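Structural overview for review
Residues per chain, in single letters:
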Amino acid sequence: MDVLIHVLVALHIIGIASLLGGFLTQMKAMGAGTARFVPAMLHGALTMLVTGVALVGLHQAQGHEVNNIKIGVKLLILVVILALVYIKRDEEKVDKGAFAAVGGLTLANIFIATLWV
């Protein structure tokens, strides 16, 4: 079971890297007003959702304590990210506010995961 959890954690990190990497590659375009949500951002967010839910389920199945408030906040942020990216995924240009919101929420999710004990 521990091996499965470690694989899911690795996939979760790959998902966040894909989401954040997609954002960072579009930063220059955001300055020019031509940024768009690349498919890697949507796939990364979906990977995070699936692996995150699986990790919470496996931890609870093993009888470990799970901080449900922390998980709920992270899930809420991820749902907002997914909604923004999914709705605007086919647009050639995304307004700076929506694009910056996805980047800021992604960073917030990273800091919540690492700093909230």
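Residues numbered from 1 in each chain as written. Predicted model: local features only at pLDDT ≥ 70, side-chain atom pairs only at ≥ 80, totals over all residues. Heavy atoms only, no water.

1. Details of the overall build of the protein chain
Short version of the rule: A run of DSSP states H or I qualifies as a helix once it reaches four residues; a run of E qualifies as a strand once it reaches two. Both are numbered from the N-terminal end. Type-normalised accessible area, obtained with a 1.4 Å probe on protein chains alone, sets the label of each residue: buried when under 20%, exposed when over 50%, and partly exposed for intermediate values. Contact between two residues is taken to exist if any of their heavy atoms lie within 4.5 Å; hydrogens are not considered. Only the protein chains shown count as cover for residues, and all accessible areas are computed by the Shrake-Rupley method using a 1.4 Å probe. The charge count treats Lys and Arg as positive and Asp and Glu as negative. His and the chain ends do not count. To locate a charge, the coordinates of NZ of Lys, CZ of Arg, CG of Asp or CD of Glu are taken.
When helices and strands are counted, the protein chain shows five helices and zero strands. In the protein chain, the succession of helices and strands from N to C terminus is α-α-α-α-α. Projected onto the principal axes, the alpha-carbon positions of the protein chain cover approximately 50 × 25 × 20 Å. The buried share of the protein chain, taken over its 117 residues, is 34%. In the protein chain, 80% of the contacts between residues at least 6 apart in sequence involve partners at least 24 apart. When the accessible surface of the protein chain is summed, it comes to about 6800 Å², and 72% of that surface belongs to carbon and sulfur atoms. Distance between charge centroids for the protein chain: 9 Å, based on 8 positive and 6 negative side chains.

2. Comments concerning the pattern of salt bridges
Note the cut-off: Throughout this description, the term salt bridge denotes a Lys or Arg side-chain nitrogen within 4 Å of a carboxyl oxygen of Asp or Glu.
Applying the stated criterion across every chain, the model contains one salt bridge. For K88, the salt bridge identified is with E91, shortest N-O distance 4.0 Å. Using a relative accessible area of 33% as the deciding quantity, one classes E91 as partly exposed.

3. Comments concerning the layout of surface pockets
Put simply, the rule is: Space inside and on the surface of the protein is sampled on a 1 Å grid over the protein atoms alone, with a cavity defined as a set of points where a 1.4 Å probe fits but cannot get out and a pocket as an open set with protein on both sides within 12 Å along at least 5 of 7 lines; lining residues have an atom within 4 Å of a point. Grid points are joined across faces, edges and corners, and a volume is the space filled by probe spheres set on the points. Gly is put with the polar residues, along with every residue not named as nonpolar or charged; the nonpolar set is Ala, Val, Leu, Ile, Met, Phe, Trp, Tyr, Cys and Pro, and the charged set is Asp, Glu, Lys and Arg.
Size it by volume and the largest pocket reaches roughly 650 Å³. In terms of lining residues, the largest pocket is bounded by 24 residues, among which H12, G52, L55, I71 and K74 are the most central. Looking at the lining of the largest pocket, the elements that each hand over two or more residues are α1 (2-25), α3 (39-61), α4 (68-87) and α5 (96-115). The dominant element in the lining of the largest pocket, judged by the number of residues it contributes, is α3, at seven residues. The class makeup of the residues in the lining of the largest pocket is 15 nonpolar, six polar and three charged.

4. Section: the environment of Y86
Here Y86 is to be found in helix α4. With 62 residues separating them in the primary sequence, Y86 and L24 have C-alpha atoms 18 Å apart.

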